[in-house]
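Structure at a glance
Residue strings, one per chain:
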Amino acid sequence: MFVGNNKISALWIGVSQVVLLVVGFALLKLLTINLSVEEFGYYSLCMSIVLFVRQMIYDPISITVSKEVGASVHEFAKVSTGFLIIKFITDRFGVVIFLVCFMFCLLAYALIGHSNEGLIVWICTFYLLANGAQGIYINLFNSIGDRKTAALYSMADSALKILFVCVVLFVFGAKLVYVLASISLSAAMIFLISRLYINKRFVGDAISSGHLKSLAIQSLIKSAPLYLPTLFLAFKSVGDRWVLATFTGVNELAAYSVLQQLGYSPVILIFGMVQTFFAPKIYRLSASDEASNLQELKQLLNRIFFSTLIFTLICTGLSMFTSEWILKLFTGRDYHNLSGYLPYFIVSGAVAAMSGILQVVAIGVFDVKKTGRIMSLSLLFSMAISSILTMVWGFIGSIAGLFFSSFFSSLMYWLAIKNNFSNKASLQQHGILYDVCKK
């Protein structure tokens, strides 16, 4: 009912990722030229805090409901119910987050009086609420194979973001609070549009509020084992930046963020297309114990791994000759001396992308509790590695930590998945022998 043509789906995914990449580079150029290094460092810090809270609060329920909706892709009623559950939960999350923010700002005002920081907290909170819910909706559209809708909303969000930032810079000038406000406003508009579209498309059968509440609670309970590993994952995503800002300062954080966006993030986006495209197939193959499906999943992972290796070698080699030109093209002059570090971020991005794909396989292969344990263990050690290297060697240590933390996560997932495959193959072999002896 929802799953479309594979070639068209791949095209929509590719176009949306290209738009995200181009807009990301354009936004980086705008901000690094107009904001001081210190202001851009604080901008990066604000975005990292929002990313951390969003991952910690929204990702577990997004993973759980998307997996269930993806497994029921041909049943409109179940798909529609999934969207209603997410709408119910995100609305309640929004109220709680809003109240927490209000109490925090009230306390801050009582202690230190009016400040610009309080306004920034409010702006970032609105961005969190809009972007968090919108991200789950896009994930749900991808899980049912509706790549076109997911891609259109992603591209609209990017286009509106760059448009609003340009207008604000032109009208109000280069101030951090105005830049954050423009990004928050664009996210809020896309969120409202997506909600109107979902309300119109996924009406489904009438569900009583009591039944919907019961389903939402069940979904939260199912996702509960993922909250601890998601907390670790969120901290891993941004913790290196926080440690770097704490021990070296926001100027080094600005440099790190620029290199991450130019080298690390593009690789993540490119392999995000692979992950988005193959996730439904991975879930389907890993849910089955048939030998043919197990073999097909192994072959798929091998193809992805060797493609990643070849792509990484080519991109790293090219970056060694073009990094200086890339920095001059996409950043302000204060960042041009960082070109020598770019290849390391590309390699780290490839390793992190492979870790993300293996995590999708783990989610499909194992139950929620076991997936949670594996994620928690790998992320705990990864965070420790990244934090220690950053505290000891500062900026250089943060680059090393970015690579080794992702490498360790990939290794943990690979060992767990390999062990699972071996156990399944052994059980299947015993089953065949039993059937032969029985005959």
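Residues numbered from 1 in each chain as written. Predicted model: local features only at pLDDT ≥ 70, side-chain atom pairs only at ≥ 80, totals over all residues. Heavy atoms only, no water.

1. A few points about the overall build of the chain
- In terms of helices and strands, the chain carries 12 helices and zero strands.
- Traced from its N-terminal end to its C-terminal end, the chain shows the element sequence α-α-α-α-α-α-α-α-α-α-α-α.
- Taking the principal axes of its C-alpha atoms as reference, the chain extends roughly 80 × 55 × 40 Å.
- Each of the 439 residues in the chain was classed as buried or not, and the buried ones make up 50%.
- In the chain, the share of contacts with a sequence separation of at least 24, taken over all contacts with a separation of at least 6, comes to 84%.
- Averaging the coordinates of the 31 positive side-chain charges in the chain and doing the same for the 19 negative ones gives two points 6 Å apart. (Helix = DSSP H or I, 4+ residues; strand = E, 2+ residues; numbered from the N terminus. Buried < 20%, exposed > 50% of the residue type's maximum accessible area, 1.4 Å probe, protein only. Contact = heavy atoms within 4.5 Å. Lys, Arg positive; Asp, Glu negative; His and termini not counted. Charge placed at Lys NZ, Arg CZ, Asp CG, Glu CD.)

2. Side note on the pattern of salt bridges
- Counted according to the given criterion, the structure contains three salt bridges.
- In this structure, Asp91 and Arg195 form a salt bridge, with 2.9 Å as the shortest nitrogen-oxygen distance. In this pair, Asp91 sits in helix α3 (residues 76-112) while Arg195 sits in helix α6 (residues 176-201), placing the two residues 104 residues apart along the sequence.
- The exposure class of Asp91 is partly exposed, given its relative accessible area of 30%.
- When its relative accessible area of 12% is taken as the criterion, Arg195 is described as buried. (Salt bridge = Lys/Arg side-chain N within 4 Å of Asp/Glu carboxyl O.)

3. Details of the packing of helix α10 (residues 291-330) against helix α11 (residues 342-365)
- The geometry of α10 relative to α11 is characterised by a closest axis approach of 8 Å and an angle of 160° between their N-to-C directions. Relative to α11, α10 is oriented roughly antiparallel. Of the two elements, α10 crosses α11, and the hand of that crossing is right-handed.
- The class makeup of the residues in the contact of α10 with α11 is 16 nonpolar, five polar and no charged. (Axes fitted to C-alpha atoms, helices over the stretch in contact; angles between N-to-C directions. Parallel < 35°, antiparallel > 145°, perpendicular 65-115°, else oblique. Left-handed = near helix turned anticlockwise from the far one by under 90°. Nonpolar A, V, L, I, M, F, W, Y, C, P; charged D, E, K, R; others polar.)

4. Some remarks on the nonpolar core
- Formed by 77 residues in total, the largest nonpolar core has its most connected members in Phe40, Tyr43, Phe83 and Leu180.
- With 13 residues, the top contributor of residues to this core is helix α4 (residues 116-143).
- Sequence-distant contacts of Leu180, that is, excluding residues within four places in its chain, are made with Tyr43, Cys46, Met47, Ile120, Ile123 and Cys124.
- In this structure, Leu285, Met354, Val360 and Phe366 belong to the second largest nonpolar core, which totals 29 residues. (Core = buried A, V, L, I, M, F, W, Y, C linked by side-chain atoms within 4.5 Å.)

5. As for helix α7 (residues 209-223)
- Compared with an ideal rise of 1.5 Å per residue, which puts 15 residues at 21 Å, α7 spans 21 Å between its outermost C-alpha atoms and is within 8% of the ideal.
- Those residues of α7 lying buried are Leu212, Leu215, Ala216, Ser219 and Ser223. The buried side chains of α7 occupy one side of the element, clustering within an arc of 100° when seen end-on. (Expected span 1.5 Å × (residues − 1). Arc of directions from axis to C-beta.)

6. With respect to empty space enclosed by the protein
- Counted by the stated rule, this structure contains one cavity of 30 Å³ or more.
- The volume enclosed by the largest cavity comes to roughly 40 Å³.
- Taken together, Phe235, Lys236, Gly239, Asp240, Ser382, Met383, Ser386 and Ser387 make up the full set of residues lining the largest cavity.
- Taken together, the residues of the lining of the largest cavity break down into two nonpolar, four polar and two charged. (1 Å grid on protein atoms, 1.4 Å probe; cavity = no way out; pocket = protein on both sides within 12 Å on 5 of 7 lines; lining within 4 Å. Points joined across faces, edges and corners; volume = space filled by probe spheres on them.)

7. Points about the packing of aromatic side chains
- Throughout the structure, instances matching the rule amount to 19 aromatic pairs.
- A ring pair is formed by Phe381 and Phe408, whose centres lie 5.6 Å apart and whose planes are at 45°; its orientation type is tilted.
- Taking the relative accessible area as the measure of exposure, Phe381 reaches 44% and is therefore partly exposed.
- Clustering of aromatic rings is evident, with ring pairs tying together Phe83, Phe141, Tyr153 and Tyr197.
- The positively charged end of Arg92 is found above the aromatic ring belonging to Phe88, 3.8 Å away from the centroid. (Phe/Tyr/Trp six-rings, centres within 6.5 Å; stacked < 30°, edge-to-face > 60°. Lys NZ or Arg CZ within 6 Å of the ring centre and 35° of its normal.)

8. Details of the environment of Phe404
- Position of Phe404 relative to the elements: it lies in helix α12 (residues 368-438).
- Once the C-alpha coordinates of Phe404 and Leu389 are considered, the two residues, 15 residues apart in sequence, prove to be 9.6 Å apart.
- Those residues in contact with Phe404 that lie beyond four places of it in its chain are Ile385 and Leu389.

9. Section: a nonpolar patch on the surface
- On the surface, a nonpolar cluster with roughly 670 Å² of combined accessible area is contributed by Val95, Phe98, Leu99, Phe102, Met103, Leu106 and Phe126.
- In terms of residue count, α3 provides more of the nonpolar patch than any other element does, six residues in total.
- When you line up the elements, Phe98 lands in helix α3.
- Overall, Phe98 belongs to the partly exposed group, its relative accessible area being 34%. (Patch = residues over 30% accessible without salt bridge, like charges linked within 9 Å, V, L, I, M, F, W, Y side chains within 5 Å. Areas by Shrake-Rupley, 256 points an atom, 1.4 Å probe, with all protein chains shown as cover.)

10. Overview of the environment of Glu117
- Looking at where Glu117 falls in the secondary structure, it is placed in helix α4.
- You can call Glu117 exposed: its relative accessible area is 54%.

11. A closer look at the state of the cysteines
- Evaluation of the coordinates by the stated rule reveals zero disulfides.
- Between Cys124, a free cysteine, and Cys46, which holds the nearest cysteine sulfur, the sulfur-to-sulfur gap is 4.4 Å. (Disulfide = S-S within 2.5 Å.)

12. Structural notes on the confidence of the model for the chain
- Here the chain shows a mean pLDDT of 82. Residues at 70 or above account for 91%.
- Below pLDDT 50 for its whole length, residues 430-439 participates in zero contacts with residues either more than four positions away or in separate chains. (pLDDT = per-residue confidence, 0-100.)

13. Description of α10
- Taking 1.5 Å per residue as the helical rise, α10 with its 40 residues ought to reach 58 Å, whereas the 49 Å between its terminal C-alpha atoms falls clearly short.
- Along α10, the helix axis deviates most sharply at Thr322, where the bend reaches about 65°. (Bend = angle between axes of the 7 residues up to and from the residue.)

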